[in-house]
Each structure stands twice: as structure tokens, then as C-alpha cells.
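Residue-level structure breakdown
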Amino acid sequence: MSDPKKITVATTWLDGCSGCHMSFLDIDERLIELAQRVEVVYSPLVDGKHLPETVDVGIVEGSVSNEEDLAKAHEFRRHCKFLISLGDCAVNGNIPAMRNLFPLDSVYDRAYKENVQLKPQRPNDGVPALLAVVKPLHAVVPVDLYVPGCPPTADTIWFVLSELLEGRIPNPNNVTRFGA
Ligand code: SF4
């Protein structure tokens, strides 16, 4: 049961390097202040693994590269009142989208056959199928706020969360840029 005085936040990473989440943690001692006003109800950073029915703010890192990413993006959109696309991978596909230059079959072959010496084969069991092309988050669900950067700095993430806590829609354009 979440604390009704706190806003609830859920985070997830799709196809990314987790660097955006690391940048989130880099807000350092401000995490203590944040913890007094925010409850993280679902995230790779906390134990809770059940996304509540309604979450105030959802934060998504990473691009949409496979069927599992796609399902998670839709799940977050369904459950989160306000959805943030965090970091260049989520905002524009960034590094994962570099594979879009090549046909999907050649990507599979390069990764699982040409560069493998032992049992080269395409993985099937328990591995979500890749989408034909990597997509940014907003290509599959509506997004409420974009926070570019690779990763966005801790100060940028703090600015965005602080503004939301004050009831304002932040404008991160002045505090971050692509690749910053
Ligand atoms: S935007 Fe950069 S830091 Fe964030 S997940 Fe992508 S590659 Fe990693």
C-alpha cells in the first residue's frame, strides 16, 4: 500500500545500457529528500516487481527493440498517468537503433552465427523476438515528456522531478541536450 501523501513513481529499462538509471542514482544525497516526497513502487532499483494499477509518474529508459520492450511500453502507458521518455535511446532510438541500417536477418546472423564459434544458432527459447526495426518510445505509445541526453545528467533528472513535485510541467530543453 503506497503512502497517499507521496507521489508514486515507476521506472523501467527497455533496450539501453542502464546508464540513465545510474544517472538517476547520481542525484546522490538528494535521494533522501526525494524519498520523503516520492515512493518508487516499481523499478529495477527496488524489490517491488508488480506495477500498481495506477502510478503517478512512469519513467522509461531505452528503446523499443523487441516484443518484451513493446509489451512493457504499453503496460507503462496503461498504468502511468504521466510518462517520461528518459534518455536518447528512449527519445530517438540512439545506439540500439544503429541496427536499423541492416536487415534483421543479417543482424541475427552477425550476432549469433558469424561471431560465434560454439554452436552458432539463433536463440529461440526464452528470448523475446526482435522487432524488425528499433523504435523510440513515442513511436509505440504517447509520451508526456522527453528528457534527452546520453545519459541526462543527474542535475537534469533532479530538475525534472523537482518541477513535477511542485506541480509544474518541466521544460528540460534548457538543461539538457542530445548526447549531453
Ligand atoms: S541514453 Fe545513453 S545512458 Fe541512457 S540507456 Fe541509452 S546509451 Fe545508456
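Structure: above.
What counts, and at which threshold
Residues numbered from 1 in each chain as written. Predicted model: local features only at pLDDT ≥ 70, side-chain atom pairs only at ≥ 80, totals over all residues. Heavy atoms only, no water. Axes fitted to C-alpha atoms, helices over the stretch in contact; angles between N-to-C directions. Helix = DSSP H or I, 4+ residues; strand = E, 2+ residues; numbered from the N terminus. Parallel < 35°, antiparallel > 145°, perpendicular 65-115°, else oblique. Left-handed = near helix turned anticlockwise from the far one by under 90°. Contact = heavy atoms within 4.5 Å. Nonpolar A, V, L, I, M, F, W, Y, C, P; charged D, E, K, R; others polar. Pairing = 2+ DSSP bridges. Buried < 20%, exposed > 50% of the residue type's maximum accessible area, 1.4 Å probe, protein only. Near = heavy atom within 4 Å. Phe/Tyr/Trp six-rings, centres within 6.5 Å; stacked < 30°, edge-to-face > 60°.

Looking at the packing of helix 2 (residues 30-37) against helix 6 (residues 154-165)
- With their axes 12 Å apart at the nearest point, helix 2 and helix 6 run at an angle of 25 degrees to one another. By the angle between their axes, helix 2 is roughly parallel relative to helix 6. As helix 2 packs across helix 6, the resulting crossing turns out to be left-handed. Here Arg30, Glu33, Leu34 and Arg37 of helix 2 come into contact with helix 6, specifically with Ala154, Asp155, Trp158, Leu161 and Leu165.
- Looking at the contact of helix 2 with helix 6 residue by residue, the classes come out as five nonpolar, no polar and four charged.

Some details on the sheet that holds strand 7 (residues 145-147)
- Ordered in space as 2-1-3-5-7, the five strands form an open sheet in which the pairing is parallel. Sheet topology places strand 2 (38-42) and strand 7 at the edges, where each strand pairs with a single neighbour. In this sheet, neighbouring strand axes are inclined to one another by 30 degrees on average, regardless of whether the strands run parallel or antiparallel.
- Its contacts with the sheet place helix 6 against strand 1 (7-13), strand 2, strand 3 (55-61), strand 5 (80-86) and strand 7, and it is angled at close to 160 degrees to strand 5.

A word on the pairing of strand 3
- Of all seven residues in strand 3, six are buried; the element is thus mostly enclosed.
- Here five bridges tie strand 1 to strand 3, and the two strands are oriented parallel to one another. The residue of strand 3 that forms the bridge with Ala10 is Gly58.

Observations regarding the site of the ligand
- In the vicinity of the ligand, the residues found are Gly16, Cys17, Gly19, Cys20, Glu61, Gly87, Asp88, Cys89, Asn94, Gly149, Cys150 and Pro151.
- Of all elements in the fold, only helix 1 (19-25) and helix 4 (88-92) reach the threshold of two or more residues within the shell around the ligand.
- Looking at side-chain class alone, the shell around the ligand contains five nonpolar, five polar and two charged residues.

Looking at the packing of aromatic side chains
- In this structure the tally under the stated criterion is two aromatic pairs.
- Between Tyr108 and Tyr112, the aromatic rings sit 6.2 Å apart at their centres with planes inclined by 35 degrees, giving tilted as the arrangement. Here Tyr112 and Tyr108 lie together in helix 5 (residues 104-114), a separation of four residues that amounts to about one turn.
- Taking relative accessible area as the criterion, Tyr108 reaches 10% and is therefore assigned buried.
- Residue class for Tyr112 comes out partly exposed when judged on its relative accessible area of 34%.

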